[in-house]
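# Breakdown of the fold
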Amino acid sequence: PTPSVATTQAYPTSSINMKPPPTYTINRRGFTLLEALLASVLLASVIVSITTPFTAGAGQTLQDRKSTMAVALAQEMMEEILSICNQPQMTVDQGVVPRPTFTTPLHYDNYIENDGGIRNSRGSIITDPLASGLSRHVNVEYVTVANQRAEDHHAFISISVVVKQYGQPAVSLTRLVYTGLGAD
C-alpha cells in the first residue's frame, strides 16, 4: 500500500486590493467666461494707453493750427493799419468810415470783426474753418512818450490788435507808431 500523503493546498490569504480612485483629467478646449473677460479688459487698457498720445497729439495739432491762424489774422490787420501809417497823406480824422475806405489809423479804433465776419484786406470774408471761433478787435489811440514835446501831442499812436478765440484773448499785437504829425 502506498502511504498516503496528505496534501494541503495553500490558499493565499486574501488581502483587499484597493485601487486609488481614478483621476479624471478635464480636457479644456476653450476659455472660461472669466478668462475671456479679463483678457478683454487687459486688451482694452493696452489699446487706450497706446492710442491716447496719438489722439492728444492730433488735438494739439489742431489747436496749434488755430493759433497760427490767429497770429496770421492779427499780423494781417496790423500790417494793413501800418500801411496807412506809412502813407504821406496820413491825417487825423475821427470819422467812422467802412473799413475798405479807411484812410487813417484812427478809423480802425474800436473796430471789431466777430466770428464768421473776419475779412481780409480786400474785404472778402475769410472762410477757412480754422478761423471759426475767432474774432478781431482793434484799438488805436494817441499816446505820449517820455520827453515828448507838448506841441507834439499827436506824434505817437498805439495800435493794438487782439484776436480772441471763443471770447478769450489768443493773440495780442501792439505797436507804437510815430505819425510824423506835430501840433494840430
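What you see is a predicted model; the values in this text were computed from it and never measured.

Procedures and definitions
Residues numbered from 1 in each chain as written. Predicted model: local features only at pLDDT ≥ 70, side-chain atom pairs only at ≥ 80, totals over all residues. Heavy atoms only, no water. Helix = DSSP H or I, 4+ residues; strand = E, 2+ residues; numbered from the N terminus. Buried < 20%, exposed > 50% of the residue type's maximum accessible area, 1.4 Å probe, protein only. Core = buried A, V, L, I, M, F, W, Y, C linked by side-chain atoms within 4.5 Å. Contact = heavy atoms within 4.5 Å. Pairing = 2+ DSSP bridges. Salt bridge = Lys/Arg side-chain N within 4 Å of Asp/Glu carboxyl O. Phe/Tyr/Trp six-rings, centres within 6.5 Å; stacked < 30°, edge-to-face > 60°.

### Quick look at unusual backbone geometry
In the Ramachandran plot, asparagine 147 falls in the positive-phi region, its phi being about 65° despite a non-glycine side chain. Along the chain, asparagine 147 falls in the loop between strand S2 (134–143) and strand S3 (156–165). Under the relative-accessibility criterion, asparagine 147 is labelled exposed at 81%. At tyrosine 166, a residue that is not glycine, the phi angle is positive and equals roughly 50°. Judged by relative accessible area, tyrosine 166 falls into the exposed class, the value being 58%.

### Points about the nonpolar core
One finds Ile81, Tyr108, Val138, Ile159 and Val161 to be the most contacted residues of the largest nonpolar core, which totals 25 residues. Elements with a contribution of two residues or more to this core: helix H1 (33–85), S2, S3 and strand S4 (168–178). Here this core gets 10 residues from one element, more than from any other, and that element is H1. For valine 161, the contacting residues outside a window of four places in its chain are Ala74, Met77, Met78, Ile81, His137, Val138, Val171, Ser172 and Leu173.

### Regarding the pairing of S4
As defined by bridge partners, S3 adjoins S4 across 10 bridges and the pair is classed as antiparallel. When the bridges of S4 are listed, valine 163 appears paired with valine 171. In sequence, S3 turns back onto S4 through a hairpin of 2 residues, with tyrosine 166 there showing a positive phi of about 50°.

### Let's talk about the sheet that holds S3
Taking strand neighbours across the sheet as the criterion, the 4 strands line up as S1-S2-S3-S4 in an open arrangement whose pairing is antiparallel. Each edge of the open sheet carries a strand with a single partner, namely strand S1 (112–113) and S4. Direction of pairing for S2 relative to S3: antiparallel, over a ladder of 10 bridges. Across the sheet, residue serine 135 finds its bridge partner in S3, namely lysine 164.

### Considerations on the pattern of salt bridges
Per the stated rule, a full pass over the model turns up 2 salt bridges. Measuring nitrogen to oxygen at the nearest pair gives 3.4 Å for the salt bridge that ties glutamate 76 to arginine 136. With glutamate 76 in helix H1 and arginine 136 in strand S2, the pair connects residues that are 60 residues apart, well separated along the chain. On the basis of relative accessibility, which here comes to 24%, the residue glutamate 76 falls in the partly exposed class.

### Here's the deal with the packing of aromatic side chains
Following the criterion strictly, the structure yields 4 aromatic pairs and no others. Look at phenylalanine 102 and tyrosine 108: their rings are 4.5 Å apart centre to centre, the planes differ by 90°, and that puts the pair in the edge-to-face class. For the pair phenylalanine 102 and tyrosine 108, one class covers both residues: buried. Centre to centre, the rings of tyrosine 108 and tyrosine 111 are 6.3 Å apart; their planes meet at 80°, and the pair counts as edge-to-face. Owing to a relative accessible area of 1%, tyrosine 108 belongs among the buried residues under this scheme. In textbook terms, an aromatic cluster arises when at least three aromatic residues are bridged by ring pairs, as seen for Phe102, Tyr108 and Tyr111.

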